[in-house]
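# Coordinate inspection notes
Residues per chain are reported as follows:
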Amino acid sequence: MGILKKVGLTVAASVVLFGYLIHRPIPHDVPHRFKYQMLINLVSMLELMATATQKLGYSRWWPYRPSPPFPSTLPDGMKVENEMLGGVETVIITPRIFQERKEPGPAIVFIHGGGWVLGSINTSIMLLIQAAEETGFVVMSPEYRLAPEHPFPAPYDDCMNSTISFMKSSKRFNVDPKKIILSGDSAGGNLAMAVYIGLIEMQASDPTVELPAMQALLNPLLQPLNFMTPSYEQSREFMFMNNLAPKFVLAYIGLNDRLELADVVARNGHVDKSDVELIEKWNLVSPNLIPDKYKRGGKVFELDDVVYDDTLDGDVRKLMKEMILNTKIAPLLASNEIISKIKKTLVLVCGYDPLRDDGILLVERIKSLGGSAELQHLPTSLHAASIMGAAMPGSYYHQQNKIFFKSVKNAVSTN
């Protein structure tokens, strides 16, 4: 056998092996399955690179960090401006129809996702543009600082400060401060709800603080307490392989140097069943609160199934508890008094998303408290469906985005 043929066979075998290593099969009923399979395999490849980088002693997050370019063309008449609000770089998107308004109108504060450690305005720009187009509202999005370089509370503080500054500057943007919508996807949904809760707490001591008209959350990650919900057990390998979600949380709370704890968190080993405060919070995320129609007959893990890892050192144990009890990190676990003050809620969840149950638990809880909450459920979709939809005009996901933003528009119009 010639040397060229040997090299060719070696390269071919290497490609096949690499493809095998990164391939993560997804369900056959996922819309636009081929494109989604490519995305999942890309994430799998990046995670493989990140793991190798981490073992070499470098930051594991660099493979995920490259950002797509800003689009070269925009919808006709749309205005995009960069503003510093509350010391934070932001983008303000104003559709042409809003520019023609004589009276102040609604605005969306949209916070991008990425597990608090990835993403940027550019990664979400197509979704921001679609939000502005479909609603006719102004859209503001903050370029908040990212963990692990800037762990909590830096991302939260940036989102809160830019939101408050935007609300105070509403007259300059012809925005009605009574018609602000807090929105975000994934970890951005977490930050959006956390900001809403922060504003509720501020209003308790300062009645002049205006509350948002609603929160509109896409595939939100709302709690770091239970990583064994039915949706995690059914779908954790479809986007958050290799315990990626717990690693995001650890990086966010300042434990990026202890990412080996992701295995402990993934099996809820960070939950001390002897702690009365934690048991009280667990009752807010019990799988018994999730309607049976979403569980698909899979195994349901309850608190009795949790095996606490008592080898965690004292400082880590303390930080884990603080993480769970801090409603700026775990907004779903806020008190009934706080949750009942949220005016309106719209949540989009995907059936094959590990985070699905966080959104369902939020909607069910708000309804149980007599509040206004609506769920948009995409039963055969995966995480990041909204980002996919914004990049794929005419697709199923694009149409679901249109439905979501139409609901937002209608909800604010009826205020």
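In the block above lies the structure referred to throughout.
Residue indices begin from 1 for each chain and proceed along its sequence in written order. It should be noted that, the model being predicted, local features are given only for residues of pLDDT at least 70 and side-chain atom pairs only at 80 or more, the latter also being counted only at that level, while totals for whole chains, interfaces and linings use all residues. Note that water and hydrogens are dropped before the side-chain values are worked out from all heavy atoms of the structure.

On to the nonpolar core, then. As used in this record, nonpolar core signifies buried Ala, Val, Leu, Ile, Met, Phe, Trp, Tyr and Cys residues forming a set joined through side-chain atoms within 4.5 Å. To sort residues, take the accessible area from a 1.4 Å probe on protein chains only and compare it with the maximum for the residue type: under 20% means buried, over 50% means exposed, and anything in between is partly exposed. Formed by 134 residues in total, the largest nonpolar core has its most connected members in Tyr36, Trp61, Ile93 and Phe166. Think of it this way: any DSSP run of H or I at least four residues long counts as a helix, any run of E at least two long counts as a strand, and we number them from the N terminus. The dominant element in this core, judged by the number of residues it contributes, is helix H6 (residues 187–205), at ten residues. In what follows, residue pairs with any heavy atoms lying within 4.5 Å of each other are defined as contacts. Other than its neighbours up to four places away in sequence, tryptophan 61 contacts Val117, Leu118, Pro148, Leu244, Lys247, Phe248, Ala251, Asn256 and Leu259.

Between helix H4 (residues 121–135) and helix H15 (residues 396–413), whose axes approach to 9 Å, the crossing angle comes to 55°. Here H15 runs oblique to H4, going by the angle between their axes. Relative to H15, the crossing made by H4 is right-handed. Counting all contacts with H4, which are made through Leu127, Gln130, Ala131, Glu134 and Thr135, the residues of H15 involved are His398, Asn401, Lys402, Phe405 and Lys409. For helices, the fitted line uses only the C-alpha atoms of the stretch in contact; every axis is such a line through C-alpha atoms, and the angle between N-to-C directions lies from 0 to 180 degrees. Small angles under 35 degrees read as roughly parallel and large ones over 145 as roughly antiparallel, with 65 to 115 read as roughly perpendicular and the rest as oblique. Crossings are classed by handedness, with left-handed meaning an anticlockwise turn of the near helix from the far one by less than a right angle and right-handed meaning a clockwise turn.

To continue, consider the packing of aromatic side chains. Each Phe, Tyr or Trp ring (for Trp, its six-membered ring) is paired with any other whose centre lies within 6.5 Å, and the angle between the two planes then decides the class: stacked below 30 degrees, edge-to-face above 60, tilted in between. Tallied over the full model, the rule gives twelve aromatic pairs. Judged by centre distance (5.4 Å) and plane angle (75°), the ring pair of tyrosine 36 and tyrosine 397 falls under edge-to-face. In this pair, tyrosine 36 is assigned in helix H2 (residues 33–55) and tyrosine 397 in helix H15, connecting sequence segments 361 residues apart. Residue classification places tyrosine 36 among the buried residues on the basis of a relative accessible area of 0%. Both rings, one in phenylalanine 238 and one in tyrosine 352, keep their centres 6.0 Å apart while their planes meet at 85°; by these two values the pair is edge-to-face. Of the two residues, phenylalanine 238 is situated in the loop between helix H7 (230–235) and helix H8 (244–252) and tyrosine 352 in the loop between strand E7 (344–350) and helix H13 (356–368); the sequence distance between them amounts to 114 residues. When its relative accessible area of 14% is taken as the criterion, phenylalanine 238 is described as buried. The exposure class of tyrosine 352 is buried, given its relative accessible area of 13%.

Where strand E1 (residues 79–85) and strand E2 (residues 88–94) come together, seven bridges link them in antiparallel fashion. Note that in E2 the partner of lysine 79 across the bridge is threonine 94. Pairing between strands requires that DSSP locate at least two bridges from one strand to the other.

Let's shift gears to the pairing of strand E5 (residues 175–185). The buried fraction of E5 is high, at eight of eleven residues. One ladder, built from six bridges, connects strand E3 (residues 105–111) with E5; its direction is parallel. Bridge pairing links glycine 105 to valine 175 in E5. Following the backbone out of E5, through H6 and into the adjacent parallel strand E6 (residues 214–218), one traces a crossover that is right-handed. When the strands point away from the viewer and the connection leading from the first strand across the helix to the second strand turns clockwise, the crossover is called right-handed.

The rolling of a water-molecule-sized probe over the atoms marks out the regions of remaining empty space. The method works on a 1 Å grid over the protein atoms by themselves. A cavity is a set of points holding a 1.4 Å probe that cannot get out, a pocket is an open set with protein on both sides within 12 Å along at least five of seven lines, and residues with an atom within 4 Å of a point line them. Grid points are joined across faces, edges and corners, and a volume is the space filled by probe spheres set on the points. Applying the stated criterion across every chain yields a total of one cavity of 30 Å³ or more. In this model, the largest cavity occupies a volume close to 30 Å³. Around the largest cavity sit Tyr232, Arg236, Phe240, Asn243, Ala245 and Pro246, which together line it. Side-chain classes are defined by residue name, with Ala, Val, Leu, Ile, Met, Phe, Trp, Tyr, Cys and Pro counting as nonpolar, Asp, Glu, Lys and Arg as charged, and the others, Gly among them, as polar. The residue inventory of the lining of the largest cavity, partitioned by class, reads four nonpolar, one polar and one charged.

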